[in-house]
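So the chains spell out like this:
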Amino acid sequence: MAPKQLPILSDYDISPVTGFLPVEEPLQILPDPYFAPWEEVFQQFNGLLLASRLRQRAQELPVLDASRLKTKAEQRRAYLILCMLSHAYVWGKHEVAADVLPASLSVPWKKVADMLELQPVLTHAAVVLWNWRLLYKDGPRDLSNLNTLATLSGSSDESWFYLVTTAIEATGAPVLSKILNAIQLVRDEDTAGLVQELHGIRGIIEELVAVLRRMFERCDPYVFYWKVRPYLAGWENMAEAGLPNGVKYEGVDNGEYKKLAGGSAAQSSLIHALDIAFGVEHHPTGFRPNKTGESKAGSGNTREYVNGTSGYTSAINGTKQTTSSPPSNFIQKMRFYMPGPHRNFLTHLTEVANIRAFVINKTAETENGNRSEDVKNLIAVFDECVHQIKVFRDVHIQMVTLYIVMQANRGPSISHGGFAHQPQAQTPQPEANGDSHTAANGNGIEAPGSSTKGSSILYPQKVIFGAPYGLAKKQEKGNNVVRGTGGTDLIPFLRQSRDETNESKIVPAPAFARRKSSVGLN
Ligand code: HEM
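About the thresholds
- Think of each chain on its own: its residues are numbered from 1, step by step along the sequence as written.
- In view of the model being predicted, local features appear only for residues whose pLDDT reaches at least 70, and side-chain atom pairs are presented and counted only at 80 or more, with totals across whole chains, interfaces and linings using the full set of residues.
- Runs of E in the DSSP output that reach at least two residues are strands. Runs of H or I that reach at least four are helices, and both are numbered from the N terminus.
- Three classes are used. A residue is buried when 20 or more other C-beta atoms lie within 10 Å of its own, exposed when 12 or fewer do, and partly exposed in between, with C-beta atoms placed from the backbone.
- Once C-beta atoms have been placed from the backbone, residue pairs whose C-beta atoms lie within 7 Å are recorded as contacts.
- Here, strands pair whenever DSSP counts at least two bridges between them.
- UniProt positions are given in the numbering used here, feature names are shortened, and annotations may be inferred rather than shown by experiment.
- Only the stretch in contact is used when fitting a helix axis, every axis being a line fitted to C-alpha atoms; angles between N-to-C directions are given from 0 to 180 degrees.
- Here roughly perpendicular refers to angles of 65 to 115 degrees, roughly parallel to angles under 35, roughly antiparallel to angles over 145, and oblique to all remaining angles.
- Two helices cross in a left-handed way if the nearer one is turned anticlockwise from the farther one by less than a right angle. They cross in a right-handed way if the turn is clockwise.
- In this classification, Asp, Glu, Lys and Arg are treated as charged, Ala, Val, Leu, Ile, Met, Phe, Trp, Tyr, Cys and Pro as nonpolar, and every other residue, Gly included, as polar.
- Expected span of a helix: the number of residues minus one, times 1.5 Å.
- The pLDDT value expresses, per residue, how confident the predictor is, ranging between 0 and 100.
- Working definition: the nonpolar core is a set of buried Ala, Val, Leu, Ile, Met, Phe, Trp, Tyr and Cys residues, joined through C-beta atoms within 7 Å.

Visitor: Report on the overall build of the chain, specifying residues and quantitative values.
Guide: What the chain contains, in helices and strands, is 19 helices and 8 strands. When the 522 residues of the chain are sorted by exposure, 47% land in the buried category. Pairs at least 24 residues apart make up 76% of the contacts formed inside the chain by residues separated by at least 6 positions.

Below, the structure is given as structure tokens:
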């Protein structure tokens, strides 16, 4: 049977030059005057939010018909506006979280999200892919020439946070064609050509790491944690922040409550594409393929667990559990929050990815000492590519430690941290959630203003919740659970993701890792 055709980037709304970013700059205003009411509120929504007047103003908006948005560019602009207005509406400024979104926001938001095959919640696509402009039209798409269209906090730190990520998308764009070339070279059995292509890919991933490190330059961790991140939150697992049922979208799906995760660069299709290309597999936190079920060299992407009925073990709450099938993983779940065409591209890429399997086969064939220089070079450069993805994740863990964990431990410099406490009557119980895991090192993260370990460190509004002015909600004694988005335990989740990357090397020798790694974590 002929192998499946390789994906054509343009079929999936992807450019060989700009990658997942649109080729044209995102619109700065909707051209149809019909949408002027949205643009007017959007123009001053930071001020309205600060004055606690955004909710009233949003309720007064007419319910506009999103089907009048003609082009993709218009739909993306509308989606950005509605994401920002809706998240500002729900989380408020020193206001109790609102669990009902008025029809003026919810109806068009759902409609435009459907048009883009996205969810009606703030996503990486909204704030990173479609939220930038060039300072000089003929200049590069890098940090010397980018600005944002909007921020939730009105701060330059938030702009920088988005722009570093936009610049990563731009820097990584050429890698997509190179991955497809590499897959074709495998099909052609052209080892020397593949080695060359992989060298190019390695160089691009190194550049991604360099851009990622620039986050520290102009995004202040305090501002990020206390002023920006709370607004990026969605309404899944948000009981402790006052949204036990999620958010009710008035006039949508019979007004049912929806629980949706918030924005995260874990929704970046670029990083998913790299994982797929190099056969990096992720498992739910605490779940690892067990020894007897070690991967077989199949496609290099779909590992089989030979011990089918007892293939996965986990250590949830310290108790070993065995399941027969891989439970869904947070990273995989994030595809639900990508634009449809990008998500479909990743599915297609998974079906054709063959690089890792090829390298594994070449390694096995030449195990008896007859390894050619080409094969030696192939193994080395493949592992260098994977190593750079691992270094990316090392730096990212460092970043999360500074921007989230350390800020949560220090607490806000004003006791309420910008959040109102929920009225006692609304006090919900933490959601029973099979996803929550015990912190691997046993260290619950100290909640700000509290002597009680265990509150969520991801979203300050959860930490502040339930007690007036800075006293964190008490948790059960001895409960060391630290939950993040999707119920995952933050640092163990990220470390596992990094370790799974390292394990995808053909020769995951620690000596190699130590020699190459430039960040000393763990
Ligand atoms: C201040 C900077 C950043 C912080 C505080 C941060 C925080 C986080 C957090 C808390 C998670 C866990 C999942 C979630 O709750 O969303 C996560 C996951 C992730 N983030 Fe970031 N992030 C930052 C910057 C970036 C950037 C610039 C990228 C580049 C694309 C990125 C890519 C990812 C990816 C791919 C994941 C999924 C986990 C993995 O693949 O290892 N992050 N990030």
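The structure having been displayed, the exposition proceeds.
Visitor: Account for the sheet that holds strand β1 (residues 100–101), with residues named and values stated.
Guide: Remark on secondary structure: sheet strands pair via backbone hydrogen bonds, oriented parallel or antiparallel. With respect to topology, 3 strands assemble into an open sheet ordered β1-β4-β5, the strand pairing being mixed. The outermost strands of the open sheet, each flanked by one partner alone, are β1 and β5 (257–258). Note that strand β4 (residues 247–249) and β5 share 2 bridges and pair antiparallel. From the neighbouring strand, lysine 248 faces β5, where its bridge partner is tyrosine 257.

Visitor: Outline the UniProt feature "binding site: heme b" (unreviewed entry) in the chain, supporting the account with residue identities and numerical values.
Guide: UniProt feature "binding site: heme b" (unreviewed entry): in the numbering of this structure it lies at His396. Within the secondary structure, histidine 396 is located in helix α16 (residues 373–410). The residues touching histidine 396, leaving out its near neighbours within four places in the chain, are Leu212 and Leu494.

Visitor: Outline the environment of valine 405, supporting the account with residue identities and numerical values.
Guide: Along the chain, the position of valine 405 falls in helix α16. Residue class for valine 405 comes out partly exposed when judged on the 19 C-beta atoms lying within 10 Å of it.

Visitor: Would you mind going over the environment of valine 195 in detail, with residue names and values included?
Guide: Position of valine 195 among the secondary structure elements: in helix α9 (residues 191–213). Using a count of 21 C-beta atoms within 10 Å as the deciding quantity, one classes valine 195 as buried. The residues contacting valine 195, other than those within four sequence positions of it, are Asp374, Asn377, Leu378 and Val381.

Visitor: For the packing of α9 against α16, give the residues involved together with the corresponding values.
Guide: At a closest axis distance of 9 Å, the pairing of α9 and α16 adopts a crossing angle of 15°. The orientation of α9 with respect to α16, classified from their angle, is roughly parallel. The handedness of the crossing between α9 and α16 comes out as left-handed. Class assignment for the residues of the contact of α9 with α16 results in 18 nonpolar, 5 polar and 5 charged.

Visitor: Before we move on, can you summarise helix α4 (residues 72–91) with the specific residues and values?
Guide: Spanning 20 residues, α4 covers 28 Å between terminal C-alpha atoms, matching the ideal 28 Å at 1.5 Å per step. Burial runs high along α4: 17 of the 20 residues are buried. Phi turns positive one or two residues past the end of α4, at glycine 92, with a value near 60°.

Visitor: Just give me the short version of α9, but keep the residues and values in it.
Guide: For α9, spanning 23 residues, the distance from its first C-alpha to its last is 33 Å, which sits close to the expected 33 Å at 1.5 Å a residue. Within the span of α9, buried status applies to Leu194, Val195, Glu197, Leu198, Ile201, Ile205, Leu208, Val209, Val211 and Leu212. Buried residues belonging to α9 abut α7 (156–172), α8 (175–187), α10 (215–218), α12 (269–277) and α16.

Visitor: Please provide a residue-by-residue account of the packing of α16 against helix α18 (residues 490–502), values included.
Guide: For any two helices packed against each other, one specifies the crossing angle of their axes together with the interaxial distance. In the contact formed by α16 and α18, the axes pass within 8 Å of each other and the chain directions differ by 170°. The pairing of α16 with α18 is recorded here as roughly antiparallel in orientation. Along its contact with α16, which presents Val386, Ile389, Lys390, Arg393, Asp394, His396, Ile397, Val400 and Val405, the element α18 presents Leu490, Ile491, Leu494, Arg495, Ser497, Arg498, Thr501 and Asn502. When grouped by side-chain class, the residues that make up the contact of α16 with α18 number 8 nonpolar, 4 polar and 5 charged.

Visitor: Can you tell me about the environment of leucine 27, naming the residues and giving the values?
Guide: Turning to its location among the elements, leucine 27 is positioned in the segment before α1 (36–43). Accessibility expressed as a C-beta count within 10 Å gives 19 for leucine 27, which makes it partly exposed. With 163 residues separating them in the primary sequence, leucine 27 and aspartate 190 have C-alpha atoms 43 Å apart. Contacts of leucine 27, omitting those with residues within four sequence positions, involve Ala73, Glu74 and Arg77.

Visitor: Please provide a residue-by-residue account of the confidence of the model for the chain, values included.
Guide: On average, the chain scores 84 in pLDDT, and the residues at 70 or more come to 78%. The model gives residues 292–310 a pLDDT under 50, and that stretch makes 40 contacts with residues more than four places away or in other chains. In this model residues 466–487 is a low-confidence stretch, pLDDT under 50, and it forms 73 contacts with partners more than four residues away in sequence or in other chains.

Visitor: Help me get a handle on unusual backbone geometry, residues and values and all.
Guide: Positive phi, normally seen in glycine, also occurs at serine 52, with a value near 55°. In this structure, serine 52 sits in the loop between α2 (45–50) and α3 (54–60). Phi is positive for aspartate 253, which is not a glycine, with a value near 45°. For aspartate 253, a count of 11 C-beta atoms within 10 Å translates into the label exposed.

Visitor: How would you explain the nonpolar core if you had to name every residue and give the values?
Guide: Within the largest apolar cluster, 132 residues are counted, with the highest numbers of intra-cluster contacts made by Tyr79, Leu85 and Ala88. With 13 residues, the single largest contributor to this core is α16. Apart from residues lying up to four places away in sequence, leucine 85 is in contact with Val41, Phe42, Phe45, Ala58 and Leu105.

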